[in-house]
Structure formats: C-alpha cells, structure tokens
Amino acid sequence: MATVSSTAVAAVAAAGSPIALGVALLIAQRLISGRRDPLRDDVVNLSLTICGWTLVAAGFLGNLACLQGPLLVVWGVFIAGVLVQGFLAQRAAKRSGLLWLLCVAAERAMPLVPAIEAFARDEGGRLGRRARRLADLLRAGMSLPDALARTPGLLPRQSLTMIWIGAQSGDLGAALRQAVTAAEHRRSLWAGQRGKVGYLLIVPLFGLPIMWLIVSVIAPNLTKIAAEYSKPMPSPTREFLGIAKWLTDYWPALLVFVAVVLIGFWKLMGHLRRGVGSNRSRFDWLRHGLDSAQILECLALMARQQRPLLEGIAGLASVYPKSRIRRQLADAVEDAQAGMDWAESLCRRGLIRQADLAILQSAQRAGNLPWALQEMAASNRRRFSYRLQAITQAAFPMIVILLGAIVAFVAVSLFLPIVTAISQLANYR
C-alpha cells in the first residue's frame, strides 16, 4: 500500500508540476508588462501568456486523470469549456461596449479617435492594442469600415455590414444605433435559451461518472451473483448487464461518441447564435429571417437618406459576411440592371418572401418605403425568435424524458434483483 501511495503521489506531483511552471511564467509576464506600455504589441509578453495558461491547463487535466481516472478528463474538458465560454462572453461584452461607445460618439458628432483611445487605455491587453491600432488608422485618414477591416475582432461581425452601409449613406450614427439594437436583440434572445442549453450539457456530464461507477463496480458484482445464483436474473437486469459489459469493453468508443456529440451540439448552438457570417447552408430555413432582417435594415437606412437602393444592394453584394447571400445579392443586382424591380429581384433570389414583396411594393407607391423596410426587418427577427422558441419548447421535454427513461431503466435493473430475492426469502419462510 505504501508503494501504491508513493506512486500515486509521484504521479500527482509530475502532473502538477506544469501548473507551478505555468504560474511562474504568468507572474513573469505580469512583471514584464508592468514596466512597459500595456498597449504595446510585445511578442515576448504574448508568448509568456500563451505558454503559461497552456501549462496550467495541461497540469489541471493531468491531475484529474491521475487522481480520479480517465473518465474525469471529461469533467476537465467541460470545465475548460466553461472557462472558454466565460472568456468569450467577456470578450463579447467588451466588443458590445466599444460598439455602444462608437454609437454614442457618432450620434453626438464627437470625434471617434479620442473615444477609441480612451477605450484602449481602459481595457489594455490584446483588445486594447487592436483598439489603439484602429485609432491610429482613423487618425491617418482611413474610413471606419476600412479601418475595422484592418483590425478584425474589435466589433461583433454582424455589425460590420451595417457600419459599411452607414458610411456609404452618410448616416453613421443611425447605422451604429441599428447595429446596437440588433446586438441587444441577439443577446436577449439567447439569454432565454442559455439555461436550458446548460441543463442539457451539465446533466449528462455529471451523470457519466455515476454511470461509470455503476458499470465498473456494481455491474461486475451483479454478474458474479448471477453466475452463482440458481435462478436467472430478471430480464431488465440481464439487458443492463449486457450493456454494462459492452460499455466496459468499449469505453474509449463511448468517450469519443460523447466528445463528438458535445462538440456537435456546441457547433450547432454557435451556428444558430451567430445567424450570419457563416458560409454553410444548413439550418438556413431557421436563420433566413436574420439574413433578410439585416438586408432590409440596410436598405431602410439607404432609403431614409434617399440613396439609390440598387447601390445599397450592390454594396451588400460585396461586403455581406456570408458568401451564399453575396451571390444571391449579386444575382439580384443583375436582375435589377436587366429591368426588373429591385424588390422583385430580391424576392426572385429568395432574399425576401412573397408577402414582404407585396408590402414593399405598396409602401413604395404610398411613399413610406423606409418605414416598411424597417417593419419588415423587425417582423423577420420576431419570426426567427418564434421558430427558435418553438424548437426549444418541443425538443427540451423530449430530451429530458429520454434522460429520465435511461435513469429509470438503470434503477429498475439494479433494484429488481433485490426485490426478487426478498420475495423468494418471504416465500421460503
């Protein structure tokens, strides 16, 4: 036992040594950056930060594997995913803060460069360095859309198209306000679904170690009892023992399957949450409302400034973040140049619905086209929200029932032998 304990301690010490080294590198990085400009693009500073956090994460996962076995590596991956999600949420909040800052400055006709420099001083780090570079490009005379293209990652990707349209139409303040409104709508929409998504991720991950304990400890003992028992086990118990044996023999395949499911679920939720910016055409039947809404909002801004809508469509065909939509917009421009009405060309290419076409044509004849475009955009966003909520309300109970059925099957399989033995003892007496 002493040999086993010393071996375990040595394994834990070996797995934990990267944590100490990583912490030392992070402290060194903090000491170095404290003597320099925090906004300076320092390769040494960035390298120490990346190496330090990588070593800390590796040591943490190594400790989990040494202390509790390979299954809890799944927990380590889950915790790492939570940390990454928290980091991404913090970065999204900072991007939204910069978007709000630009919106207020543009609406009040304030210079953008001092506001961006103030943001860079407050934030620091990589985001601060990018903000400082953006301010330098603007001070050199570059337009805001071109400067943002040179400094990617500063603003939400969905807002870049609206900023480009605002710069082209001459009403940047209204465009930034519309981008802020759209970002707030996305945030409120996904905040309502975050609890259910978290539940569907946490329950299986916390249930896996319990299931592993049952399969690796309880099921083998039940198998030995069944071999010595004169009468056969109940049918659910026999089925459970067969499944447990398969899981014990092929547990690496199970871990791979769980990892694939979690990664696929993560990708799916990110794909739906972004709504725009992806070149994939899956789930477009659900997300089409977001694309239509952004196109209509951009055209509403052009119409409000009495700019040619065909010019706006052509501009969107060159800057829209989704390649498939860019191709559809380019085809719509060709149809309009051939003599077709701009609204009919958008409808023909599947960018707006037939009902939207009728409303836009009526609004164009009545002279209130900007209002109609804005209302159609809001309608498309509401339609996306209703579809997403309907899918969530239908899928969530089904998944919960499936998890409950698995738990019920395991519980019945484990307790049936006990009930059978008690009944036989009662009959024997």
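Residues numbered from 1 in each chain as written. Predicted model: local features only at pLDDT ≥ 70, side-chain atom pairs only at ≥ 80, totals over all residues. Heavy atoms only, no water.

Asker: Help me out: how do you make sense of the overall build of the chain in this one?
Answerer: From N to C terminus, the chain includes 16 helices and 0 strands. With 429 residues in all, the chain has 38% of them scored as buried. Summed over its atoms, the accessible surface of the chain is roughly 23,700 Å², and 65% of this surface lies on carbon and sulfur atoms. (Helix = DSSP H or I, 4+ residues; strand = E, 2+ residues; numbered from the N terminus. Buried < 20%, exposed > 50% of the residue type's maximum accessible area, 1.4 Å probe, protein only. Areas by Shrake-Rupley, 256 points an atom, 1.4 Å probe, with all protein chains shown as cover.)

Asker: Looking at this model, I keep getting lost on the packing of helix α12 (residues 309–319) against helix α13 (residues 323–337). Mind explaining?
Answerer: Axes are the key here: two packed helices are described by the angle between their axes and the distance separating the axes. Taken N-terminus to C-terminus, the directions of α12 and α13 make an angle of 150°; their axes are 8 Å apart at the nearest point. Taken together, α12 and α13 sit at an angle that is classed as roughly antiparallel. In the packing of α12 onto α13, the handedness of the crossing is left-handed. Facing Leu310, Ile313, Ala314, Leu316, Ala317, Ser318 and Val319 of α12, the residues of α13 in contact are Arg326, Leu329, Ala330, Val333, Ala336 and Gln337. When grouped by side-chain class, the residues that make up the contact of α12 with α13 number 10 nonpolar, 2 polar and 1 charged. (Axes fitted to C-alpha atoms, helices over the stretch in contact; angles between N-to-C directions. Parallel < 35°, antiparallel > 145°, perpendicular 65-115°, else oblique. Left-handed = near helix turned anticlockwise from the far one by under 90°. Contact = heavy atoms within 4.5 Å. Nonpolar A, V, L, I, M, F, W, Y, C, P; charged D, E, K, R; others polar.)

Asker: I keep staring at the pattern of salt bridges and nothing clicks. Help me out?
Answerer: When the charged atoms of two side chains lie near each other, side chains of opposite charge can form a pair. A complete count under the given rule lists 9 salt bridges for this structure. Two residues, Asp291 and Lys322, come together in a salt bridge whose shortest N-O distance is 2.9 Å. Here Asp291 is found in helix α11 (residues 284–304), whereas its partner Lys322 is found in the loop between α12 and α13, with 31 residues between them in sequence. Each member of the pair, Asp291 together with Lys322, is buried. Notably, a salt bridge pairs Asp335 with Arg349, separated by 2.8 Å at the nearest N-O pair. In this pair, Asp335 sits in helix α13 while Arg349 sits in the loop between α14 (342–348) and α15 (354–366), placing the two residues 14 residues apart along the sequence. Residue classification places Asp335 among the buried residues on the basis of a relative accessible area of 9%. A relative accessible area of 27% means that Arg349 is categorised as partly exposed. The structure contains a network of salt bridges with shared partners spanning Glu117, Asp136 and Arg139. (Salt bridge = Lys/Arg side-chain N within 4 Å of Asp/Glu carboxyl O.)

Asker: Honestly, the nonpolar core in this entry has me stumped. Any pointers?
Answerer: Most often, soluble globular proteins keep nonpolar side chains buried together rather than apart. Leu329, Trp342, Leu346, Leu360 and Leu373 are the most contacted members of the largest nonpolar core, which totals 62 residues. If one sorts the elements of this core by residue count, α11 sits on top with 9 residues. For Trp342, the residues in contact, after removing those within four places along its chain, are Leu299, Leu309, Ile313, Leu360, Gln364, Leu369 and Leu373. If you look at the next biggest cluster of nonpolar residues, it comprises 10 residues, including Phe240, Ala244, Val410 and Leu414. (Core = buried A, V, L, I, M, F, W, Y, C linked by side-chain atoms within 4.5 Å.)

Asker: How do you make sense of helix α4 (residues 112–123) when you look at a structure like this?
Answerer: What sets the pattern is the α-helix's 3.6 residues per turn: residues three or four places apart point alike. A rise of 1.5 Å per residue sets the reference length of α4, with its 12 residues, at 16 Å; its end C-alpha atoms lie 17 Å apart and thus fit the reference within 8%. What α4 keeps buried is the set Leu112, Val113, Ala115, Ile116, Glu117, Phe119 and Ala120. One or two residues past the end of α4 sits Gly124, with phi positive at roughly 70°. (Expected span 1.5 Å × (residues − 1).)

Asker: Even after reading the chapter, I still don't get helix α9 (residues 235–249), so can you show me in this structure?
Answerer: Taking 1.5 Å of rise per residue, 15 residues should cover 21 Å, and α9 covers 21 Å from first to last C-alpha, within 8% of that figure. Listed as buried for α9 are Thr237, Phe240, Leu241, Ala244 and Leu247. When α9 is viewed along its axis, its buried side chains cluster within an angular range of 125° and face the same direction. (Arc of directions from axis to C-beta.)

Asker: Just checking my understanding: could you explain the packing of α4 against helix α5 (residues 125–139) for this structure?
Answerer: Direction vectors running N to C along α4 and α5 enclose 160°, while the axes themselves pass 8 Å from each other. Classified by the angle their axes make, α4 and α5 are roughly antiparallel. The crossing of α4 and α5 is left-handed. Across the interface between the two elements, Leu112, Val113, Ile116, Glu117, Phe119, Ala120, Arg121 and Glu123 of α4 pack against Gly125, Leu127, Gly128, Ala131, Arg132, Leu134, Ala135, Leu138 and Arg139 of α5. Partitioned by chemical class, the residues of the contact of α4 with α5 number 10 nonpolar, 2 polar and 5 charged.

Asker: Got a minute to help me understand a nonpolar patch on the surface in this structure?
Answerer: Together, Phe415, Ile418, Val419 and Ile422 make up an exposed nonpolar region whose accessible area comes to about 400 Å². For Ile418, the position within the fold is in helix α16 (residues 369–428). Of the residues examined, Ile418 reaches a relative accessible area of 46% and is grouped as partly exposed. (Patch = residues over 30% accessible without salt bridge, like charges linked within 9 Å, V, L, I, M, F, W, Y side chains within 5 Å.)

Asker: Help me understand unusual backbone geometry, please; the structure alone is not making it clear to me.
Answerer: What is expected of a backbone is that most residues other than glycine have negative phi and most peptide bonds are trans. In the Ramachandran plot, Ala109 falls in the positive-phi region, its phi being about 55° despite a non-glycine side chain. Within the secondary structure layout, Ala109 lies in the loop between α3 (73–107) and α4. Note on Ala109: relative accessible area 69%, which makes it exposed. You will see that Gln306, though not glycine, has its phi angle at about 60°, which is positive. With respect to the helices, strands and loops of the structure, Gln306 is situated in the loop between α11 and α12.

Asker: Would you explain the environment of Cys347 in this entry?
Answerer: Inspection of the secondary structure puts Cys347 in helix α14. Take Cys347: its relative accessible area is 15%, and that puts it in the buried class. Here Cys347 is in contact with Ile352, Arg353, Gln354 and Leu357, once residues within four sequence places are set aside.

So yeah, pure geometry; function would need other evidence.
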